[in-house]
There are 2 protein chains.
Amino acid sequence: MTRYQRLATLLTQRIEQGLYQSGERLPSVRSLSQEHGVSISTVQQAYHLLEEKRLIVPLPRSGYFVKPRMAAAPIPAMTRPVQRPVEITRWNSVLELLRSRTDPEILQLGGSLPDLTRSTLKPLWKSVNRIGQKQDIATLGYDSLNGLPLLREQIARLMIDSGCQLSAQDIIVTHGCTQALSIAIRAVCNPGDIVAIESPVFHCIMQILCGYGIKVIEIPTDFSNGISLEALELALEQWPVKAVLTVPNCNNPLGFVMPEHRKRALMTLAQRYDIAIIEDDVYGDLTYDYPRPITLKSLDYEGRVLTCSSFSKTLAPGLRIGWVVPGRYLDRALHMKYTSTGAISIHFQQAVAEFIQQGYYMPHVRRMRSLYQRNLEELVNLVRRVFPDTICHSRPQGGFVLWVELPEAFDGVRLNHRLVDKKIRIHEGELFSASGKYRHCLRLSYAQPLTPETEAAIITLGNVIVGELASNPVAG
Amino acid sequence: MTRYQRLATLLTQRIEQGLYQSGERLPSVRSLSQEHGVSISTVQQAYHLLEEKRLIVPLPRSGYFVKPRMAAAPIPAMTRPVQRPVEITRWNSVLELLRSRTDPEILQLGGSLPDLTRSTLKPLWKSVNRIGQKQDIATLGYDSLNGLPLLREQIARLMIDSGCQLSAQDIIVTHGCTQALSIAIRAVCNPGDIVAIESPVFHCIMQILCGYGIKVIEIPTDFSNGISLEALELALEQWPVKAVLTVPNCNNPLGFVMPEHRKRALMTLAQRYDIAIIEDDVYGDLTYDYPRPITLKSLDYEGRVLTCSSFSKTLAPGLRIGWVVPGRYLDRALHMKYTSTGAISIHFQQAVAEFIQQGYYMPHVRRMRSLYQRNLEELVNLVRRVFPDTICHSRPQGGFVLWVELPEAFDGVRLNHRLVDKKIRIHEGELFSASGKYRHCLRLSYAQPLTPETEAAIITLGNVIVGELASNPVAG
């Protein structure tokens, strides 16, 4: 670190600690130079750096001021999707995104790969190695279709925290949460059926529905309360909806945790209209509040809820281990697993089961929760500094994705095109709707702490957005 | 080994080497006792053992004779399934079979787990460990949807032997051959479509078709030439068949390799009726003849063939690594993979890629081919000795499953029930048909060399079958 960078870091700390307050005039270049025993030009370089980072603003002939702290950006209003069943398309956009993901030169600001670098994961890799070294022929053959009994027992234990009393027999191990969702959807629906979903919804969920020829009806969704039960009821009245698919805990992409009374109300609605509920709880263990929120499954006495989850966000996606608790659809779910992949690999199932059994899972998840919460704060501070003042953003209560709404006329697809030569990519909002909504939105990830590289990329992103708005006042 | 067992082994070798010929009288008990310096009762026990194993027969007052060698059992006639589209059911029978598979007390005589004990596999386990020890974060994240480039390159190299000129871009790595087939079927068909299949056909293939709501028309199949092209053409004339699904190389369960001129004729037929061909080549590399037979894919200039395979039979099923070469259906196949499991685990992909790249694959497969061929000979000798003379059986040209036809009125399901308390299970023929055919057939596996335990089980099986036929002469 050079001299001016050290000084900039020191000043940043002082600003963040409130030593220099929002809007306050900073010491003159001369006095800082004397205080720290550095040259005038070093102080100037440090101030330039802070200016680039939007921490301070220069006022001509008056010196530098701490950038006035903005009022909290507003939470976006409830979404307003098209409320009739629509076919899902947009596979080509998703494929383009997937392809860009394997280009090591492109910095993905929207991906949802968890932080894999933490030492609390080490016992897991040790288990993986120990199992490999044993060269046990049993781990190389075919597993039982339901999945490794030891792992299913451990998953049942973990799910006690979400209010569920399950046994290993209730659980089917799957190849990630994707297969869990795919199995759940096929166990409940036939091609041509209609499923109600939150809007926006994670694009992968939509593509799974699309793959099985299922139509969706997108339901307005609130950034604090989740899916609008009023709008859902209207849809259930009007259309032959087969199931509702929801991400009630640490929703992706909106980040909310559906309040418990709303969860109960949703269950009542499902009973009244006799529909199934497919629940995606993949981020549930990453809720910042302790204890973690309950699942809909915990309120289900009729077996109508199919809860899907995986270790892809809490441990590592490369394990490809998820599970589904399919309730009364157990037999059909088993059949669907058999016909899509057959049994899955034993090696990683065994490793994860040992990791949980030996008590490493909860401390790891606790650690990750607080890391992600800290990353969120960092990202929001940066976004508020470098994005236009007119944005709104979500208030994630867990997980590691942030939803940002720009002014209505903004276009996220065009934004990605503008970012191509800067080797940066965001997740454009349009991917999260079946009816072309959310063009003006984007999803950012904060799974990794900000690095100089990602910080610079988000500053660039902010500059491009500000530039777009300036050159196209309609978009403002 | 006791004294009489040693003597029995010696006599067995003499019979097998032709020292004592078929039908020849064996030395008297007294002379053997003198020759080997053992007691009369030891010789008697040894002869009893050989009698139990059906190698020799006693003739009252004349002594023991080498059991006359039977003429080769006939090959079964061409199958005659119901030739109209039918819905597939029988999931419950398959599920029962799968459940029995995880019961360690039941000896499965029909399963298709390859021999995993050979030293030629060791470099693969070494790769698995090396990759685990590196704890490389890249292997724990999300893979590209198509699969690891290095593995796809190696698969393309292997497929040259089956006559295919492919590049890595033509290949999608899958979670075993099951997912490859599932993806291929979904890429080509919609629910309600009709697919033509060989009859009998591996029950898993039928269940995959069932899972996607596809009807099948079962085509008569010859034990040497494969699917009847004449019957297939009739079906194509009569019904709107979308695709034909075939296992042309080392067919499961019939073991044939479809002759090349029939493969060419099948391609011509597919062109004339503009249907897709889904080809399962999972046993292709285990053909006993060298060089291995060509795939239909190698004859395909229009991209209408989707070839599916895996390393489950050649290396180990627990790897769960297969692939599909979907031809013109590539985009749709990618979508189907995304919606069923997303990307798959990198760890084992990397290990298999290294195993092939370092030149270990071909020697291993060569070794396994000759082992399986030797096992086949052993099993057929035993079956001909202990089963009724009236059976027919397949003539496998590769792989490790044998198809046995008992007299028409025989019932394999009842046989399995009779075997429950003996802790033995065979694959009943009925599982291999959508229209209730093949009740009198069974599939046996010879992936493992005979052990005293499996030999005894097959003798028991033979005794139960002989008993059934004796007690129920209609079945004879």
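Residues numbered from 1 in each chain as written. Chains lettered and ligands numbered in written order. Predicted model: local features only at pLDDT ≥ 70, side-chain atom pairs only at ≥ 80, totals over all residues. Heavy atoms only, no water.

Going by what an unreviewed UniProt entry lists, chain A is known as Transcriptional regulator, GntR family with aminotransferase domain and is assigned to Dickeya chrysanthemi. What the UniProt record of chain A gives under Sequence similarities (unreviewed entry) is the line "In the C-terminal section; belongs to the class-I pyridoxal-phosphate-dependent aminotransferase family." (UniProt positions renumbered as here; feature names shortened; annotations may be inferred.)

Caption draft 1: Quick peek at the confidence of the model for chain A. For chain A, the average pLDDT comes to 92, and 99% of its residues sit at 70 or higher. For this predicted complex, the interface confidence reaches an ipTM of 0.88, while the overall pTM sits at 0.89. (pLDDT = per-residue confidence, 0-100.)

Caption draft 2: Structural context of the pattern of salt bridges. Counted under the stated rule, the structure contains 43 salt bridges over all chains. The salt bridge involving Arg262 of chain A is made with Glu230 of chain A; its shortest N-O contact spans 3.6 Å. Of the two residues, Arg262 of chain A sits in helix 10 (residues 260–273) while Glu230 of chain A sits in helix 9 (residues 229–238), which places them 32 residues apart along the sequence. On the basis of relative accessible area, Arg262 of chain A is assigned to the buried category, the value being 15%. Under the relative-accessibility criterion, Glu230 of chain A is labelled exposed at 52%. In this structure, Lys423 of chain B and Glu105 of chain B form a salt bridge, with 3.7 Å as the shortest nitrogen-oxygen distance. Here Lys423 of chain B, found in the loop between helix 14 (412–419) and strand 15 (424–425), pairs with Glu105 of chain B, found in the loop between helix 4 (91–101) and strand 3 (107–108); they are 318 residues apart in sequence, far enough to count as distant. Lys423 of chain B gets classed as partly exposed once you look at its relative accessible area, which sits at 37%. When its relative accessible area of 53% is taken as the criterion, Glu105 of chain B is described as exposed. (Salt bridge = Lys/Arg side-chain N within 4 Å of Asp/Glu carboxyl O. Helix = DSSP H or I, 4+ residues; strand = E, 2+ residues; numbered from the N terminus. Buried < 20%, exposed > 50% of the residue type's maximum accessible area, 1.4 Å probe, protein only.)

Caption draft 3: Region of interest: the side chain of His335 of chain A. Inspection of the secondary structure assignment puts His335 of chain A in helix 11 (residues 330–340). Excluding residues within four positions of it along the chain, His335 of chain A makes contact with Trp91, Gln207 and Cys210 of chain B. (Contact = heavy atoms within 4.5 Å.)

Caption draft 4: Region of the structure containing the packing of helix 5 (residues 122–134) of chain A against helix 12 (residues 346–357) of chain A. All names here are of chain A. Helix 12 packs onto helix 5 with a crossing angle of 135° between their chain directions and a minimal axis gap of 9 Å. Compared by their axis directions, helix 5 and helix 12 come out oblique. In terms of crossing hand, the pair formed by helix 5 and helix 12 is right-handed. Contacts between helix 5 and helix 12 involve Pro123, Leu124, Ser127, Val128, Arg130, Ile131 and Gly132 on the former and, on the latter, His347, Phe348, Gln350, Ala351, Val352, Glu354 and Phe355. Counted by class, the contact of helix 5 with helix 12 contains eight nonpolar, four polar and two charged residues. (Axes fitted to C-alpha atoms, helices over the stretch in contact; angles between N-to-C directions. Parallel < 35°, antiparallel > 145°, perpendicular 65-115°, else oblique. Left-handed = near helix turned anticlockwise from the far one by under 90°. Nonpolar A, V, L, I, M, F, W, Y, C, P; charged D, E, K, R; others polar.)

Caption draft 5: Local environment of the relation of the copies chain B and chain A. Once turned by 180° and shifted 0.0 Å along the axis, chain B lies on chain A with an RMSD of 0.1 Å. A rotation of that kind, with that shift, is consistent with a two-fold axis. Among all residues of chain B, the one whose C-alpha sits closest to the rotation axis is Asn129 of chain B, at a distance of 3.1 Å. (Least-squares fit on C-alpha atoms with pLDDT ≥ 70 in both.)

Caption draft 6: How the structure looks around the pairing of strand 6 (residues 215–219) of chain B. Residue and element names in this part refer to chain B. Judged by how many residues are buried, strand 6 sits mostly within the fold: four of five residues are covered. Relative to strand 6, strand 5 (residues 194–198) runs parallel, the two being bridged by five bridges. Each residue of the ladder has a partner; that of Ala196, found in strand 6, is Ile217. Chirality of the crossover, the property in question, places the unit of strand 5, helix 8 (residues 203–211) and strand 6 among those that are right-handed. (Pairing = 2+ DSSP bridges. Right-handed = clockwise from strand over helix to strand, strands pointing away.)

Caption draft 7: A look at the interface of chain B and chain A. With 58 residues of chain B at the interface, the matching set in chain A holds 58 residues. Summing both partners gives a buried area of about 4900 Å² for chain B against chain A, and 64% of it is carried by carbon and sulfur. Looking only at chain B, the three residues that lose the most surface to chain A are Leu140, Tyr142 and Tyr338 of chain B, adding up to 16% of its buried area. Joining chain B to chain A, the criterion identifies zero salt bridges. The interface formed by chain B and chain A contains 22 residue pairs in polar contact (both at pLDDT 80 or more). At the level of secondary structure, the elements contributing two or more residues to the side of chain B that touches chain A comprise helix 4, helix 5 (122–134), helix 7 (176–188), helix 8, helix 11 (330–340) and helix 12 (346–357) of chain B. (Buried area = accessible area lost by both parts, 1.4 Å probe. Polar contact = N/O pair within 3.5 Å; in protein donor to acceptor, adjacent residues only side chain to side chain.)

Caption draft 8: Seen up close, the domain arrangement of chain A. Residue and element names in this part refer to chain A. Here the domain parsing of chain A yields domain 1 (1–64), domain 2 (88–101 + 120–358) and domain 3 (362–469). Relative to domain 3, the C-alpha centre of domain 1 lies at a distance of 27 Å. Each partner contributes residues to the interface: domain 1 has four residues there, and domain 3 has five residues. The three residues of domain 1 that bury the most area against domain 3 are Lys53, Arg54 and Leu55, which together make up 90% of that side's buried surface. The interface formed by domain 1 and domain 3 contains zero salt bridges. Summed over the shared surface of domain 1 and domain 3, the result is zero residue pairs in polar contact (both at pLDDT 80 or more). The class makeup of the residues in the side of domain 1 that touches domain 3 is one nonpolar, no polar and three charged. (Domains from an automatic or database assignment.)

Caption draft 9: Layout of unusual backbone geometry. The omega torsion across Tyr290 of chain A and Pro291 of chain A is -5°, close enough to zero to call that bond cis. If you trace the backbone, Pro291 of chain A turns up in the loop between strand 9 (276–280) and strand 10 (305–310). Here the bond from Ser199 of chain B into Pro200 of chain B is cis, since omega is 0°, no more than 30 degrees from zero. Residue placement: Pro200 of chain B occurs in the loop between strand 5 and helix 8. With a phi close to 50°, Asp274 of chain A is a non-glycine residue in the positive phi region. The residue Asp274 of chain A is located in the loop between helix 10 and strand 9 in this model. The class for Asp274 of chain A is exposed, based on a relative accessible area of 54%.

Caption draft 10: Representation of the state of the cysteines. Residue and element names in this part refer to chain A. Considering all chains together, one arrives at zero disulfides over all chains under this definition. Between Cys164, a free cysteine, and Cys308, which holds the nearest cysteine sulfur, the sulfur-to-sulfur gap is 13 Å. Residue classification places Cys164 among the buried residues on the basis of a relative accessible area of 3%. Unpaired in this structure, Cys392 has its nearest cysteine sulfur neighbour in Cys441, at a distance of 8.8 Å. Looking at Cys392, the relative accessible area reads 17%, which means it is buried. (Disulfide = S-S within 2.5 Å.)

Caption draft 11: Spotlight on the packing of aromatic side chains. All names here are of chain B. Counting across every chain of the model gives 19 aromatic pairs over all chains. Ring centres of Tyr283 and Phe400 lie 5.4 Å apart, and the angle between their planes is 80°; this geometry places the pair in the edge-to-face category. Pair noted here: Tyr283 is in the loop between strand 10 (276–280) and strand 11 (305–310) and Phe400 is in the loop between strand 13 (392–393) and strand 14 (401–405), with a separation of 117 residues, a long-range link. Of the two residues, Tyr283 and Phe400, neither departs from the other in class, the shared state being buried. (Phe/Tyr/Trp six-rings, centres within 6.5 Å; stacked < 30°, edge-to-face > 60°.)

Caption draft 12: Inspection of helix 7 (residues 176–188) of chain A at higher detail. Compared with the 18 Å implied by 1.5 Å per residue over 13 residues, the 19 Å span of helix 7 of chain A between its first and last C-alpha is a close match. Among the 13 residues in helix 7 of chain A, 13 count as buried, and that is most of the element. (Expected span 1.5 Å × (residues − 1).)

Caption draft 13: Layout of the side chain of Ser144 of chain B. Considering the arrangement of structural elements, one finds Ser144 of chain B in the loop between helix 5 and helix 6 (149–159). Excluding residues within four positions of it along the chain, Ser144 of chain B makes contact with Thr102 of chain A together with Arg152 and Ala343 of chain B.

Caption draft 14: Here's a closer look at the packing of helix 11 of chain A against helix 7 of chain B. Where helix 11 of chain A meets helix 7 of chain B, the axes come as close as 7 Å, and the angle between the chain directions of the two elements is 95°. Regarding the angle of helix 11 of chain A to helix 7 of chain B, the classification is roughly perpendicular. Here Tyr338, Thr339 and Ser340 of chain A of helix 11 of chain A lie close against helix 7 of chain B, whose contacting residues are Thr178, Gln179 and Ser182 of chain B. Considered class by class, the residues forming the contact of helix 11 of chain A with helix 7 of chain B number one nonpolar, five polar and no charged.

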